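Remarks on the overall topology
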Amino acid sequence: MANPLRNWVQLLGVAAPVAGGLAAADQPRRFPFYLAGVFCLVYVVAWWLEDTDRLGHLKKRMSWTVVKCGGAALGGAAVVAAGWIVVLQARSFGAEGCEPPPDVRVMAAPENMALAQAEAARFVQAESDADGCLAVRVTVFEAPPPGNVLGGVFKDMGILTELPRPDVWLPATSASVEEVVRNFAPEARLAWGGRYAGPASPLVLVLSEPDAGELGLTGAESLTWRQLAEKVRGTRLLMPSPQTTETGLVGLAALLSGDTADAFQQRRRVLAGQVEAGGAAADDPGEVLCRLRTARDGGPATAAIVPLDTVKGDRPGTRCDAPGAEARQLVTVQPEGGAMAVDRPVVQVRWQDGDPDGISFAERFGDWLARSLPRGAAPAARPRFGLDDLRKARALMTNAWKPRSVGFMLDFSRTMNTPVNGGTLLTDARNTVYHTLGWLGPNDRVGLWRFPDGPGGREPRRLVPMAPANDPAKTRIERWLAQAHEADAETTPLYHAIAGAARHAAGEAADRRAKGHRDGRQALVVLTDGVDDDPGHGDRATRAELQDALKGADAPDVYVLALTGAGCPKELADLRQAEQRFHCLPANADGDPLFDALFGSP
């Protein structure tokens, strides 16, 4: 009986390529199994051919030695390929046997994201084992701007903010850390003294040589920020966004420093308007400098406000691909006295239920960040942006906006007593009003309504008349809100109430305009938990009444905040599509949608 195994090398040479193709189409790790199966099949075929003497015809037609040599060559190649694949699979199986690495979550200010991500990649590579197993996994995510949302991150409110709990925090200034520690009673322990990602970097003004010459600046002047602000009036200003970054707030504080009396309101508004002229501001200082390098010659004069270390670390042509970017020469002006700076503290965040391995790696990554940039020699008078500076910067930004007239109207139907978040929907509405009052400056106007006017009523009732949003007016509203513990009405005449308040606001606006007042946009903010529920009055008729009330030139923009958390009901969404002045917004703890709607555009 024939024994084909004497030609096993040739059989392997046939089986290996076929098995390799099948494994590649399925899963490479299954190559050994495919090889064994195909080899057995080829062996059976070869045995059948040998047993029936069908190979005799082949031997007569060609040299059997050639066939055997060719088969041997194929077999040798197959052995090499099989060995290579087996080695790769062995390494793959070894990698799959790695233990899951601990996670380190890094929260970075938007302007520090590029730095944090680059250092995280370097740290992971340095800590990785020689066998390919990861020792640690570092995830970098963007922090919200300083404020109550940022504080919420450290109150273990990850679901509310949709952010993970950080183990390391890299803000732009120590001021934001002070604000969190002092104002938000964090449940996590924050350790942040003594470690910084590089030296404190003062903000500077950067211009192209032609624009600097046009403004009479050479870089050797001894000017204050206030003097520089006067020189750059009418230019396009580039800086990280004051709305989203601490660096932008530092820049705005520097630019608008000086007298904050009402006589300077117009100057501040003009300067604030220059910041985002020609497009949305960037968050990354490096991107800001890139935009300056790529600004079109012959256009309006353009200046950038960025940290000094961004200028020192800039390499022409490495970030910007636009023609002429590399050749554009820049002039840097560093103001004297009271210079604002970012210091990038490295903050360690300790959670009570933290993983010990993760805590250890987080500590090591914090040390890595502190060593990533050379500290250099500390300046004689180290510039510092403190918590008071942060608050003043926000006040300057608020006062730079055009005046707004904002009337709040609260739904007092009994469904507003629904328990949520340790309070009720009415509590959430009151908190939103409290929070928004802080956005209004003394040039704005504010008032308060409720609807309906009583348990069996239908009309809206004005509780606090519109008045300048100074401390007395805010105090009156806060005093009334403090007494509003329970909603008492049976129905929700939403459309009728909005129409009545809108007509009243339009009448007041017309009267003030006739008397020579030049008020800015006016808005009616309605806080409710539902859609129109007005028994005895048809939905179509009351909706038409509302649309009619919003058609006049003096009618306010209406912003309905849906407090239930389920988004805008279909009825309100449809009305929003049909009526330009009607808006429905989701309500959340930080108030960002309302903030953007009221103050995001002129």
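A few points on the structure. Bear in mind the structure is a predicted one, so any value in this text is a computation, not a measurement.

What follows covers the state of the cysteines. For the structure on display, the rule yields one disulfide. In this model, cysteine 568 is linked to cysteine 584 through a disulfide, with the two sulfur atoms separated by 2.3 Å. An S-S torsion of about -110° defines the bridge between cysteine 568 and cysteine 584 as left-handed. With cysteine 568 in the loop between strand E17 (557-562) and helix H21 (570-578) and cysteine 584 in strand E18 (residues 582-586), this pair connects stretches of sequence that are 16 residues apart.

Our focus in this paragraph is the sheet that holds E17. The mixed open sheet is built from six strands, whose spatial order is E15-E14-E11-E16-E17-E18. What marks the edges here is a single partner per strand, and that holds for strand E15 (461-468) and E18. With direction set aside, neighbouring strand axes in the sheet form an average angle of 20°. The strands touched by helix H19 (residues 494-514) are strand E11 (405-411), strand E14 (445-451), E15, strand E16 (522-528), E17 and E18; relative to E16, the strand with the most contacts, the crossing angle is about 160°. Sitting on the sheet, H21 touches E17 and E18, and the angle it makes with E18 is about 135°.

The next thing to look at is the pairing of strand E10 (residues 347-350). In this structure, strand E3 (residues 168-170) lies alongside E10, joined through two bridges in antiparallel fashion. Looking across to E10, one finds that valine 168 is bridged to glutamine 348. Of the strand pairs in this sheet, strand E4 (residues 189-191) and E10 are connected by three bridges, and their pairing is antiparallel. Its bridge partner being in E10, leucine 190 is matched across the sheet by valine 349.

Let's shift gears to the environment of aspartate 453. If you trace the backbone, aspartate 453 turns up in the loop between E14 and E15. A sequence separation of 35 residues divides aspartate 453 from aspartate 488, and the C-alpha atoms of the two residues are 9.7 Å apart. Setting aside its immediate chain neighbours within four residues, aspartate 453 contacts Arg458, Glu459 and Arg461.

A word on the pattern of salt bridges. Within this structure, the stated rule accounts for 18 salt bridges. Measuring nitrogen to oxygen at the nearest pair gives 3.3 Å for the salt bridge that ties arginine 105 to aspartate 167. Placement of arginine 105 in strand E1 (residues 103-108) and of aspartate 167 in the loop between helix H7 (158-161) and E3 is noted, with a sequence separation of 62 residues between them. Taking relative accessible area as the criterion, arginine 105 reaches 26% and is therefore assigned partly exposed.

Our next topic: the packing of aromatic side chains. As enumerated under the stated definition, the model contains four aromatic pairs in all. Seen from their ring centres, phenylalanine 412 and tryptophan 480 are 5.8 Å apart, and the 65° between their planes marks the pair as edge-to-face. Pair noted here: phenylalanine 412 is in the loop between E11 and strand E12 (419-420) and tryptophan 480 is in helix H18 (residues 471-483), with a separation of 68 residues, a long-range link. Of the aromatic side chains, those joined through ring pairs into one cluster are Phe123, Phe365 and Trp368. Directly above the ring of phenylalanine 412 sits arginine 450, whose terminal nitrogen or CZ lies 4.3 Å from the centroid.

Each value, and the rule that gives it
Residues numbered from 1 in each chain as written. Predicted model: local features only at pLDDT ≥ 70, side-chain atom pairs only at ≥ 80, totals over all residues. Heavy atoms only, no water. Disulfide = S-S within 2.5 Å. Helix = DSSP H or I, 4+ residues; strand = E, 2+ residues; numbered from the N terminus. Pairing = 2+ DSSP bridges. Axes fitted to C-alpha atoms, helices over the stretch in contact; angles between N-to-C directions. Contact = heavy atoms within 4.5 Å. Salt bridge = Lys/Arg side-chain N within 4 Å of Asp/Glu carboxyl O. Buried < 20%, exposed > 50% of the residue type's maximum accessible area, 1.4 Å probe, protein only. Phe/Tyr/Trp six-rings, centres within 6.5 Å; stacked < 30°, edge-to-face > 60°. Lys NZ or Arg CZ within 6 Å of the ring centre and 35° of its normal.

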